Amino acid sequence: MQIHFKKRFLIPVVATGLFFIGTSFKDDFFEIAKQIEIFTEVFKTVNMNYVDQTNPGQMMDKAIKTMLADLDPYTNYYNEQDVIKFKINMTGEYTGIGALIARKEGRLIIKEPYKNYPADKAGLKAGDEIIQIGEVNIIDFKEDISQLLKGAKNAKIDITYKRLGKTATTQIVLEEVEIKAVPFFGKVDEKTGYIVLSQFNRKATAEVKAALENLKKEGAEKIILDLRGNPGGLLHEAVNICNLFVPKNEVIVTTKSKIEQHNNSYKTNFEPVDLDIPLVILVDGKSASASEIVAGALQDLDRAVVIGSRSFGKGLVQRPIDLVYSTQVKVTISRYYTPSGRCIQSLDYGQKDANGKAIRTDAKNYNAFKTRKGRPVFDGGGILPDVVMEETKLNPISEALQQNDAIFNFATDYFFKNPSLGEKIPVISDADYTAFKQFLKKEKFSSDTETQKALKNALELAKKEGIDESIKAEYNLLVAAIQKSEEAQINKYQKEIKNLLVDELILRYQYREGLYNYYLKSNAEIKKATSMLNNPVEYKKILLQ
């Protein structure tokens, strides 16, 4: 695969004092200097002459981030506040309220309070809308809201929130919050251990190793490593996690770039924990980057069977580079390649379609490679599991109901109407599902499928061209037809949507630990992995052992 390395990447590298003086840089030096001078003059002139008061910091922040967004989604600029948040994510520690929050359309919503952390202790629940923090009214605060929820240990923060339309107050006492890389591990059966790895921060290897050793002490002779939904993180943690299962000095990943200094091979450096324990890795469409390094490397080395659906396909490597005034730029510097030689990057950001979106590698252009024992594997589109479970992929209507918070909001309503369910597993009856469909109509939820978006865009264009009135009748017929089709889809995929509702409700009643315990008994991928590990003949056949 060709490696596309745009000349624009040279600017931040040079700014850090790493001088790669090649012919290309010499040829472009005048053009780079010229464009910087033009930009500086424009920036200074606008700020000095604009009719209203400007905010130079905000303008520059937006200018830089917009410029980098044209390269790929991973080359990013971090201002001082961004750097602090980035470091928190990598270390896994911060002082705060211990909850997942989301800001949508100006509203600040508690998405998930973590058990026994400050937000939970203060009585906040998923679905609560925070409307005031201290003296600050949320609707008037346009900056990074998370800064208002951080502070010194034991600091007290007064919170005003809405729950089902009613306003209440509480006080949160801040404490140290540890973001676990391994939020859960346990046993599926007497001989099968299960480890969830949710992110690759600096504690990832230590936590996976501790879980593995604990499970082995408890009698586990087979392991399922769950990387579903894991977006990645630190590359060296991916290498070290592979090292738990493969020998020292094994090449796990290679990075290749136009810049020679970024070409590296990353090998395992330590003695493994267990070279022989049967291993299954679970992946899905949200397993990316470091997750794909682990799954791809252990697949290429014939060390694990991979089960699930095709992974995301992020084969690009970034490096954070410190800049002046405690700012930072994270630059895509290379592509990574698994031991067999495949790069599994799915999108080519060097080529854009008519809408400015990166072009996805066509399956017919995938290249074939071989694992150590000769099994065929392919590049170009994420890690393809050895056992593909297409039935576990969400259909578009289910994804839309998740993304627009229809499932989340219905679960909030259900939870407060049924507060005493406790440790019981929620059962969504046919009557409950009918109530869910009525809830969608009452709240006027839009699924925002690609078809709906295209139709809305067509109407907006028609308005601009002054022809919307002449096509109004036809437009309304199309809208009605789409709505009818969506209702049919909601009925067709009732079982899948019910499962999503149950998952969301278990989070409300039993927190994330309860959800993972439920998965141990009910999840299709875990059941398949367990069945595979309990059938040594099938397991060894896949790995050509």
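Scroll up a little and you will see the structure.
Residues numbered from 1 in each chain as written. Predicted model: local features only at pLDDT ≥ 70, side-chain atom pairs only at ≥ 80, totals over all residues. Heavy atoms only, no water.

1. Concerning the pairing of strand S3 (residues 99-104)
- Here S3 pairs with strand S4 (residues 107-113) via six bridges, running antiparallel. Bridging across to S4, Lys 104 finds its partner in Arg 107.
- Counting the residues in the hairpin turn of S3 and S4 gives two residues, including Glu 105, whose phi is positive at 55°. (Pairing = 2+ DSSP bridges. Helix = DSSP H or I, 4+ residues; strand = E, 2+ residues; numbered from the N terminus.)

2. Looking at the nonpolar core
- Counting residues in each nonpolar core, the largest one holds 84 residues, and the members touching the most others are Leu 197, Ile 281 and Val 294.
- Those residues within four positions of Val 294 in sequence are excluded, and the remaining contacts are Phe 200, Leu 225, Leu 227, Ala 238, Ile 241, Cys 242 and Ile 281.
- One finds Leu 124, Ile 130, Ile 159 and Tyr 161 within the second-largest nonpolar core, a separate group that totals 18 residues. (Core = buried A, V, L, I, M, F, W, Y, C linked by side-chain atoms within 4.5 Å. Buried < 20%, exposed > 50% of the residue type's maximum accessible area, 1.4 Å probe, protein only. Contact = heavy atoms within 4.5 Å.)

3. Considerations on the packing of aromatic side chains
- Overall, the coordinates contain 13 aromatic pairs when judged by the stated rule.
- Ring centres of Phe 415 and Phe 416 lie 5.1 Å apart, and the angle between their planes is 75°; on these two criteria the pair is classed as edge-to-face.
- By relative accessible area, which is 10% here, Phe 415 ends up buried.
- Taken together, the aromatic side chains of Phe 410, Tyr 414, Tyr 433, Phe 436, Phe 439 and Phe 445 make up a single cluster linked through ring pairs. (Phe/Tyr/Trp six-rings, centres within 6.5 Å; stacked < 30°, edge-to-face > 60°.)

4. Some words on the sheet that holds strand S16 (residues 305-308)
- Strand order in the open sheet formed by six strands is S10-S11-S12-S15-S16-S23, and the pairing between neighbours is mixed. With partners counted over all chains shown, the strands left at the sheet margins are strand S10 (184-189) and strand S23 (387-388), one partner each.
- Here two bridges tie S16 to S23, and the two strands are oriented parallel to one another. Paired with Gly 308 across the bridge in S23 is Val 388.
- Lying on the sheet, helix H14 (residues 494-522) is in contact with S10 and strand S11 (192-196); it crosses S10 at an angle near 25°. (Axes fitted to C-alpha atoms, helices over the stretch in contact; angles between N-to-C directions.)

5. So, the packing of helix H10 (residues 406-417) against H14
- Interhelical geometry of H10 versus H14 gives an angle of 50° and a closest axis separation of 9 Å. Between H10 and H14, the interaxial angle falls into the category oblique. With respect to the hand of their crossing, H10 and H14 are arranged in right-handed fashion. Here H10 contributes Ile 407, Phe 408, Phe 410, Ala 411, Thr 412, Tyr 414 and Phe 415 to the contact with H14, which in turn contributes Leu 500, Leu 501, Glu 504, Leu 505, Arg 508 and Tyr 509.
- Residue composition of the contact of H10 with H14, by class: 10 nonpolar, one polar and two charged. (Parallel < 35°, antiparallel > 145°, perpendicular 65-115°, else oblique. Left-handed = near helix turned anticlockwise from the far one by under 90°. Nonpolar A, V, L, I, M, F, W, Y, C, P; charged D, E, K, R; others polar.)

6. Observations concerning empty space enclosed by the protein
- Inspection of every chain in the model, using the stated rule, returns two cavities of 30 Å³ or more.
- Space inside the second largest cavity adds up to approximately 110 Å³.
- If you trace the second largest cavity, you find it lined by Lys 111, Glu 112, Pro 113, Lys 125, Ala 126, Phe 415, Glu 504, Leu 507, Arg 508 and Tyr 511. (1 Å grid on protein atoms, 1.4 Å probe; cavity = no way out; pocket = protein on both sides within 12 Å on 5 of 7 lines; lining within 4 Å. Points joined across faces, edges and corners; volume = space filled by probe spheres on them.)

7. Quick look at the environment of Val 306
- Looking at the element boundaries, Val 306 is found in strand S16.
- Overall, Val 306 belongs to the buried group, its relative accessible area being 0%.
- Distance in space between the C-alpha atoms of Val 306 and Asp 386 is 5.2 Å, their sequence separation being 80 residues.

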